[in-house]
Amino acid sequence: MSETLREVIADELAKLDDDRLQLVTVTAVDVDSEMNHGVVYFDSLEGVAGDEKIIEALNEYRKRIQHEIALQVRSRRTPVLANIRPAGAYLMEIGRAHV
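My aim in this report is to walk through the structure given alongside it, one point at a time. These numbers were taken from a predicted model, which means no experiment stands behind them.

**Remarks on the nonpolar core**
- Core analysis: the largest hydrophobic core is formed by 20 residues, its most contacted members being Ile9, Leu13, Leu21, Val40, Leu58, Ile65 and Ile69.
- For this core, the secondary-structure elements that each account for two or more residues are α1 (2–15), β1 (24–31), β2 (37–44), α2 (51–60), α3 (62–72) and β3 (80–86).
- The element best represented in this core is α1, accounting for 4 residues.
- For leucine 58, the residues in contact, after removing those within four places along its chain, are Leu13, Leu21, Phe42 and Ile84.

As structure tokens, then:
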């Protein structure tokens, strides 16, 4: 399910005409086991310096992205995209899980 969500979100971002989201890649989506909440991880060529404006833009489009997920994903539930984080946070969480 996480990979499907990543693809839907990435496709939706490609349709948006927002300079803040140029060259942004959705690297992963983590969803809890009950499909209630999702965390979106991204990376960009702007690096850490651009993270804040990217998070702001993604939060502005969150409802639109949620709607698109509900339309495209065949599931009883669609997770609320509760958090948007840089890819570095994802790598840190993976590292903690394997310690």
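**Points about the pairing of β2**
- By the criterion of burial, β2 is predominantly enclosed, with 6 of the 8 residues buried.
- Pairing geometry for β1 and β2, over 7 bridges, is antiparallel. Within the sheet, the bridge partner assigned to valine 24 lies in β2 and is serine 44.
- The hairpin turn running from β1 into β2, its antiparallel successor, is 5 residues long, and methionine 35 in that turn takes a positive phi close to 60°.
- Direction of pairing for β2 relative to β3: parallel, over a ladder of 6 bridges.

**Some remarks on α3**
- Considered for burial, the residues of α3 that qualify are Ile65, Gln66, Glu68 and Ile69. Projected down its long axis, α3 carries its buried residues within an arc of 165°, all on one side. In α3, the exposed positions angled more than 90 degrees off the buried face are occupied by Lys63 and Leu71.
- Contacts made by the buried residues of α3 are with α1 and β3.

Definitions and cut-offs
Residues numbered from 1 in each chain as written. Predicted model: local features only at pLDDT ≥ 70, side-chain atom pairs only at ≥ 80, totals over all residues. Heavy atoms only, no water. Core = buried A, V, L, I, M, F, W, Y, C linked by side-chain atoms within 4.5 Å. Buried < 20%, exposed > 50% of the residue type's maximum accessible area, 1.4 Å probe, protein only. Helix = DSSP H or I, 4+ residues; strand = E, 2+ residues; numbered from the N terminus. Contact = heavy atoms within 4.5 Å. Pairing = 2+ DSSP bridges. Arc of directions from axis to C-beta.

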